[in-house]
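These are the residues of each chain, in order.
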Amino acid sequence: MKIALGSDHGGYALKMSIIEHLKERGIEFTDKGCFDEKSCDYPVYAKAVTAAVNSGEADLGILVCGTGIGMSMAANKVKGIRAALCHDNFSAQATREHNNANVLCLGARVVGPGLALMIVDTFLDTPFSNDERHIRRISMIED
Ligand code: RB5
């Protein structure tokens, strides 16, 4: 499994914690920026991460900004992307099982790093259910 990560300045520190966590777990990743805490524009990184997911360069994406909201709005504009803003474990599990979410969005100013890493693990470790009703609903979103 390979993960594409992106953040703006508001999400940079949490993204770096997630990267350390992925290294500890031996999960491959690509960091699409930003690369420091200078003020920058989150849609740039949402575009880069969603492109990596859509091209198959990455299996899943993780986007972090201050609230996670801007990143999820930007990511969900991209066809083929199902980005889920999750600040609890239940949502992270349910959105993989039901929505086959392919991008996780997090708000670094909303959750602490402990909970955020737990959410990341749940998101990465939960497979899509493949239930017919969920496949049907996802196709309706795509249409
Ligand atoms: C940046 O200050 C902040 O607006 C951004 O990180 C994010 O929260 C936007 O949705």
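Basis of the calculations
Residues numbered from 1 in each chain as written. Predicted model: local features only at pLDDT ≥ 70, side-chain atom pairs only at ≥ 80, totals over all residues. Heavy atoms only, no water. Helix = DSSP H or I, 4+ residues; strand = E, 2+ residues; numbered from the N terminus. Rg over C-alpha atoms; globule rule 2.2 N^0.38 Å. Buried < 20%, exposed > 50% of the residue type's maximum accessible area, 1.4 Å probe, protein only. Contact = heavy atoms within 4.5 Å. Areas by Shrake-Rupley, 256 points an atom, 1.4 Å probe, with all protein chains shown as cover. Expected span 1.5 Å × (residues − 1). Core = buried A, V, L, I, M, F, W, Y, C linked by side-chain atoms within 4.5 Å. Near = heavy atom within 4 Å. Polar contact = N/O pair within 3.5 Å; in protein donor to acceptor, adjacent residues only side chain to side chain. Pairing = 2+ DSSP bridges. Phe/Tyr/Trp six-rings, centres within 6.5 Å; stacked < 30°, edge-to-face > 60°. Lys NZ or Arg CZ within 6 Å of the ring centre and 35° of its normal.

Participant: What am I meant to see in the overall build of the protein here?
Facilitator: For the protein, the helix and strand inventory stands at six helices and five strands. Taking 143 residues into account, the globule formula puts the C-alpha radius of gyration at 15 Å, and the protein, at 14 Å, falls close to it. Taking the principal axes of its C-alpha atoms as reference, the protein extends roughly 45 × 25 × 25 Å. A total of 143 residues make up the protein; the buried ones form 48% of that total. For the protein, the share of sequence-separated contacts (at least 6 apart) that also reach a separation of at least 24 residues comes to 67%. Element-wise, carbon and sulfur atoms account for 54% of the exposed surface of the protein, whose accessible area totals about 7,000 Å².

Participant: Whenever I open this one, helix α1 (residues 12-25) confuses me. Can you help?
Facilitator: Count 3.6 residues to each turn of an α-helix, and residues three or four apart come out pointing the same way. For α1, built from 14 residues, the straight-helix expectation of 20 Å at 1.5 Å per residue is met to within 8% by its first-to-last C-alpha distance of 20 Å. Every buried residue of α1 is accounted for by Tyr-12, Leu-14, Lys-15, Ile-18, Ile-19, His-21 and Leu-22. Buried residues belonging to α1 abut β1 (2-7), β2 (28-31), β3 (60-65), β5 (103-107) and α5 (113-125). Following α1 by one or two positions, Gly-26 adopts a phi angle in the positive range, close to 70 degrees.

Participant: Where do I start with the nonpolar core in this structure?
Facilitator: It is characteristic of soluble globular proteins that their nonpolar side chains tend to be buried jointly. Membership of the largest hydrophobic core comes to 23 residues, with the highest contact counts inside it found for Ile-3, Ile-18, Ile-62, Leu-104, Leu-106 and Leu-124. Sorting the residues of this core by element identifies β1, α1, β3, β5 and α5 as the ones contributing at least two each. Here this core gets six residues from one element, more than from any other, and that element is α5. If near-sequence neighbours (up to four positions away) are discounted, Ile-18 is found in contact with Leu-5, Ile-62, Val-64, Leu-106, Leu-117 and Val-120. Among the nonpolar cores identified, the runner-up in size contains 18 residues, and Ala-4, Tyr-12, Cys-34 and Cys-40 belong to it.

Participant: Is there a simple way to think about the site of the ligand in this case?
Facilitator: Every residue near the ligand is listed here: Asp-8, His-9, Tyr-42, Cys-65, Gly-66, Thr-67, Gly-70 and Arg-109. Within the backbone of Gly-66, an N or O atom sits 2.7 Å from an oxygen atom of the ligand. Backbone polar atom of Gly-70 to an oxygen atom of the ligand: 2.9 Å apart, as the coordinates give it. Protein contacts shield 71% of the accessible area of the ligand, which totals 300 Å² for the unbound molecule.

Participant: Just checking my understanding: could you explain the pairing of β5 for this structure?
Facilitator: Taken residue by residue, a regular strand's side chains alternate between the two faces of the sheet. Of all five residues that make up β5, five are buried, and the element is covered over most of its length. Here β5 shows a buried face lined by Val-103, Cys-105 and Gly-107 and a second buried face lined by Leu-104 and Leu-106. Of the pairings in the sheet, the one linking β3 to β5 comprises five bridges and is parallel in character. Paired with Cys-65 across the bridge in β5 is Gly-107. As defined by bridge partners, strand β4 (residues 83-85) adjoins β5 across three bridges and the pair is classed as parallel. Paired with Ala-83 across the bridge in β5 is Val-103.

Participant: I keep staring at the packing of aromatic side chains and nothing clicks. Help me out?
Facilitator: The relative placement of two aromatic rings is captured by the distance of their centres and the angle of their planes. Under the criterion given, the structure shown has zero aromatic pairs. Its end group placed over the ring of Phe-123, Arg-96 keeps NZ or CZ at 5.7 Å from the ring centre.

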